[in-house]
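# Observations on the model geometry
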Amino acid sequence: METKISEISDGIYRLSTLVPEIAPPAGFTYNQFLVLGDEPLLFHTGLRRMFPLIRSAVSRLIPPERLRWITFGHYEADECGAMNEWLAVAPQAEVAHGQTGCLVSLNDMADRTPRVLQDGEAIDLGQGKRVRYLDTPHIPHGWEAGVLYEEATGTLLCGDLFTQLGDGPALTEGDIVGPAIAAEDIFKYSSLNPSMGATIRKLAQLSPLTLALMHGPSFAGDGAAALRALADNYDHRIFDRAPDAVETAAA
Ligand SMILES: [Fe+2]
Ligand SMILES: [Fe+2]
């Protein structure tokens, strides 16, 4: 396996590994994002078994022991399986996550005490980079789910939102909503719930310039429009199953 590295926003690098055995013949990518600064931040650790591969990719950009922040969207193997391996190689590194993730899993599972981020709290990474943590419970899955927004570049590190199959370009201006709908139909990975549309539309208010997908290309363009279209699709899925739920959520 090979990990490709691309700069998708100023100082934000996408590390992408295609696993052809998942959803063949298209395959499936796992992406991590390294945000450079005085305090470099990794969003997604990679699977535990992929750690040697991802560490080697990070070392092409910075000495891995310089890593300061270890972050991810939710508690799953592809998001945080190598968290403790990273803590071991980077002595100054801290895991940072929302209150739910820390209370439910990370206070126990992380080898060092994690830093709790409140909804909306920001970390200054230096060199102009600043990431804000936003709670998105159960969206697309996981009670502890959240995203990070890098304010200087307008990059939303949106995790599993917009998941798609295949190994596309590192950065696209093309449609990411259609492929996300297709992947949802195949994997059914989202926890459909009445708050989905409203929560995703709240992310649209950030008007992100770049959407950094964990499974798929990064998107450059009107991030708000893409998020609203995704929210509309989820509303339809939920409305089809439980019309009262959407009416209650909208009230
Ligand atoms: Fe996930
Ligand atoms: Fe994922």
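Throughout what follows, the structure given in this document is the object of discussion. (Residues numbered from 1 in each chain as written. Chains lettered and ligands numbered in written order. Predicted model: local features only at pLDDT ≥ 70, side-chain atom pairs only at ≥ 80, totals over all residues. Heavy atoms only, no water.)

Turning our eyes to something else, we now look at the pattern of salt bridges. Scanning all chains against the criterion turns up 9 salt bridges. Across the pair E121 and R115 runs a salt bridge, and its minimum N-O distance is 3.0 Å. Given the relative accessible area of 26%, R115 is considered partly exposed. Note that E151 and R132 form a salt bridge whose closest N and O atoms lie 2.6 Å from each other. (Salt bridge = Lys/Arg side-chain N within 4 Å of Asp/Glu carboxyl O. Buried < 20%, exposed > 50% of the residue type's maximum accessible area, 1.4 Å probe, protein only.)

Attention now goes to the coordination of the iron ion (ligand 2). The coordination sphere of the iron ion (ligand 2) contains the protein donors D78 (OD), E79 (OE), D160 (OD), M214 (SD) and H215 (NE2), at a distance range of 2.2 to 2.6 Å. Between the iron ion (ligand 2) and the iron ion (ligand 1), a separation of 3.6 Å is found, and both are coordinated by D160. Of this pair, D160 sits in the loop between β11 (155–159) and β12 (171–172) while H215 sits in the loop between β13 (210–213) and β14 (218–220), placing them 55 residues apart in sequence. For the pair shown, D160 and H215 are each scored as buried. (Donors = N, O, S within 2.8 Å, 3.2 Å for Na, K, Ca; no water. Helix = DSSP H or I, 4+ residues; strand = E, 2+ residues; numbered from the N terminus.)

Turning our attention to the nonpolar core. Most often, soluble globular proteins keep nonpolar side chains buried together rather than apart. Counting residues in hydrophobic clusters, the biggest one holds 27 residues, and the most contacted among them are V58, L67, I70, M83, W86 and V95. Broken down by secondary-structure element, the contributors of at least two residues to this core are β2 (12–19), β3 (28–35), α1 (51–58), α3 (83–89) and α4 (99–109). Every residue in contact with V58, bar those within four places of it in the chain, is listed here: L15, L34, L42, P64 and W86. Counting 26 residues, the second-largest nonpolar core is a separate cluster that includes Y149, F162, L213 and F219. (Core = buried A, V, L, I, M, F, W, Y, C linked by side-chain atoms within 4.5 Å. Contact = heavy atoms within 4.5 Å.)

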